[in-house]
Amino acid sequence: MGITPTQKQRCQRIIEQIRRYRISKIFDKSVDRDLYPNYYEIIKSPMALEVLEIKLRENRYNSIEEFKSDIALIWDNAVKFNGETNWITMCANYLRIVSQKLVAHFTDDPVQDWLTEFKIIDVKVHKIYKYINDPKEGYPKAGHKHHGESSKSAQAIKESKQDHAPVEKAPEPERRSQTEQRQKERRADRSGTTASQPPAPEPAKPAAPANPPPPPAPKPAQIQITDEITDQILDKYQNGTDEDVEKVSEIIAKHHPDITDDSEIDLKDLSQDCRREIARYFKLI
């Protein structure tokens, strides 16, 4: 006699719930014999999640205990082959705890399973009902206040307000003067003086001189020496006296010390400052 269709459906749901965890993929299919040839020498009864499904479809389970034993066998085989410290073993031990919770109230007696589930639900409902009727005796969640305590607190606050006499307000002119006095004190604190001490006078600004010096005259714009002016300089130079030649040579030597007397001079190669000074000498500008 095998398990009932209802029990078979529950077994399938348990497998699906285990598969919701990503680490269950390691244990979903049977170990590949080509990749791990020594596995089947160590593990004599291999098991996987897909094997559980095959046995369910083929009605090979005669009891729920056999199904639960096969689930536990998956984790036992992983620990035996990989050792206690391997990461696969850690995954297997975690899924062992998950599967134990899933099959905790699953036996071969459906009536007994139903009664067990009913008792668990009954206890939860009883706690909720007890808390609703008498919060002091129930199991309220953290942060909830009992109705009795909240009403007592409200009453205590109300009584404390009644015990205190109302504070009389000062007349309007007096309050206004007090407000002005506080404002003066705050302003005095910010300025570093007291209310009774007047603020220190500001230092006198230095008097402006009677006759301020005139602003510096703007520098005259430099005249650009064009090719036309350069040609005029050349004409003056060629037709000038020995004194003119000597003066022009001095100006060129001052601005262009690298030019010697024997060098051939092209006036257009001279700088603007040099040609400008020569033009002033010849009174061309």
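Rules used throughout
- Residues numbered from 1 in each chain as written.
- Predicted model: local features only at pLDDT ≥ 70, side-chain atom pairs only at ≥ 80, totals over all residues.
- Heavy atoms only, no water.
- Helix = DSSP H or I, 4+ residues; strand = E, 2+ residues; numbered from the N terminus.
- Buried < 20%, exposed > 50% of the residue type's maximum accessible area, 1.4 Å probe, protein only.
- Contact = heavy atoms within 4.5 Å.
- Areas by Shrake-Rupley, 256 points an atom, 1.4 Å probe, with all protein chains shown as cover.
- Phe/Tyr/Trp six-rings, centres within 6.5 Å; stacked < 30°, edge-to-face > 60°.
- Expected span 1.5 Å × (residues − 1).
- Polar contact = N/O pair within 3.5 Å; in protein donor to acceptor, adjacent residues only side chain to side chain.
- Core = buried A, V, L, I, M, F, W, Y, C linked by side-chain atoms within 4.5 Å.
- Axes fitted to C-alpha atoms, helices over the stretch in contact; angles between N-to-C directions.
- Parallel < 35°, antiparallel > 145°, perpendicular 65-115°, else oblique.
- Left-handed = near helix turned anticlockwise from the far one by under 90°.
- Nonpolar A, V, L, I, M, F, W, Y, C, P; charged D, E, K, R; others polar.
- Patch = residues over 30% accessible without salt bridge, like charges linked within 9 Å, V, L, I, M, F, W, Y side chains within 5 Å.
- Salt bridge = Lys/Arg side-chain N within 4 Å of Asp/Glu carboxyl O.

For the protein chain, the name recorded in an unreviewed UniProt entry is Bromodomain containing protein, with Trichomonas vaginalis as its organism.

(A) Highlighting the overall build of the protein chain. If you tally the helices and strands in the protein chain, you get eleven helices and zero strands. Secondary structure elements of the protein chain occur, N-terminal to C-terminal, as α-α-α-α-α-α-α-α-α-α-α. Per-residue burial over the protein chain gives 23% buried out of 285 residues. Long-range pairs, those at least 24 residues apart, make up 59% of the contacts in the protein chain between residues at least 6 apart in sequence. When the accessible surface of the protein chain is split by element, carbon and sulfur atoms take 53% of a total near 22,200 Å².

(B) Just the packing of aromatic side chains, in detail. Counted according to the given criterion, the structure contains six aromatic pairs. Measuring from ring centre to ring centre gives 5.9 Å for Tyr21 and Tyr94, while their planes differ by 75°; the resulting arrangement is edge-to-face. With Tyr21 in the loop between helix 1 (5-19) and helix 2 (39-42) and Tyr94 in helix 5 (residues 87-102), the pair connects residues that are 73 residues apart, well separated along the chain. Tyr21 sits in the partly exposed class, given a relative accessible area of 32%. Exposure remark for Tyr94: the relative accessible area of 44% places this residue in the partly exposed category. Aromatic pair Tyr281 and Phe282: ring centres 5.1 Å apart, planes at 65°, arrangement edge-to-face.

(C) Inspection of unusual backbone geometry at higher detail. Despite not being glycine, Asn59 shows a phi value in the positive range, around 55°. Of note in this structure, Lys283 is not a glycine but carries a positive phi near 60°. Within the secondary structure, Lys283 sits in the segment after helix 11 (272-281).

(D) The arrangement of helix 5 in detail. Here helix 5 spans 23 Å end to end across 16 residues, near enough to the 22 Å set by a 1.5 Å rise per residue. Those residues of helix 5 lying buried are Ile88, Thr89, Cys91, Ala92, Leu95, Arg96, Val98 and Ser99. If you check the start of helix 5, you find a side-chain oxygen 2.8 Å away from the backbone N of Ile88, and it comes from Asn86.

(E) Fine view of the nonpolar core. The biggest cluster of nonpolar side chains holds 25 residues, and the ones touching the most others in it are Phe27, Leu52, Phe67, Ile71 and Trp75. For this core, the element with the highest residue contribution is helix 4 (residues 64-82), accounting for six residues. Judged by nonpolar contacts, the second largest core, of twelve residues, contains Ile229, Ile251, Leu270 and Ile278.

(F) Just the packing of helix 9 (residues 227-238) against helix 11, in detail. It is the contact of helix 9 with helix 11, at a shortest axis distance of 10 Å, that shows an interaxial angle of 55°. When the axes of helix 9 and helix 11 are compared, the pair comes out oblique. The chirality of how helix 9 crosses helix 11 is left-handed. Counting all contacts with helix 9, which are made through Ile229, Thr230 and Ile233, the residues of helix 11 involved are Arg275, Ile278 and Ala279. Split into classes, the residues belonging to the contact of helix 9 with helix 11 amount to four nonpolar, one polar and one charged.

(G) Summary view of a nonpolar patch on the surface. On the surface, Val111, Trp114, Leu115 and Phe118 cluster together into a nonpolar patch covering about 430 Å² of accessible area. With respect to the helices and strands, the residue Leu115 is situated in helix 6 (residues 110-133). Residue classification places Leu115 among the partly exposed residues on the basis of a relative accessible area of 35%.

(H) A look at the pattern of salt bridges. Per the stated rule, a full pass over the model turns up nine salt bridges. Here Glu58 makes a salt bridge to Arg60, at a shortest N to O gap of 3.0 Å. On the basis of relative accessible area, Glu58 is assigned to the partly exposed category, the value being 47%. We note a salt bridge from Glu277 to Lys254, for which the minimum N-O separation is 2.8 Å. With Glu277 in helix 11 and Lys254 in helix 10 (residues 242-255), this residue pair connects regions lying 23 residues apart in the sequence. By relative accessible area, which is 54% here, Lys254 ends up exposed. Each of Arg19, Asp28 and Glu53 takes part in one network of salt bridges that share partners.

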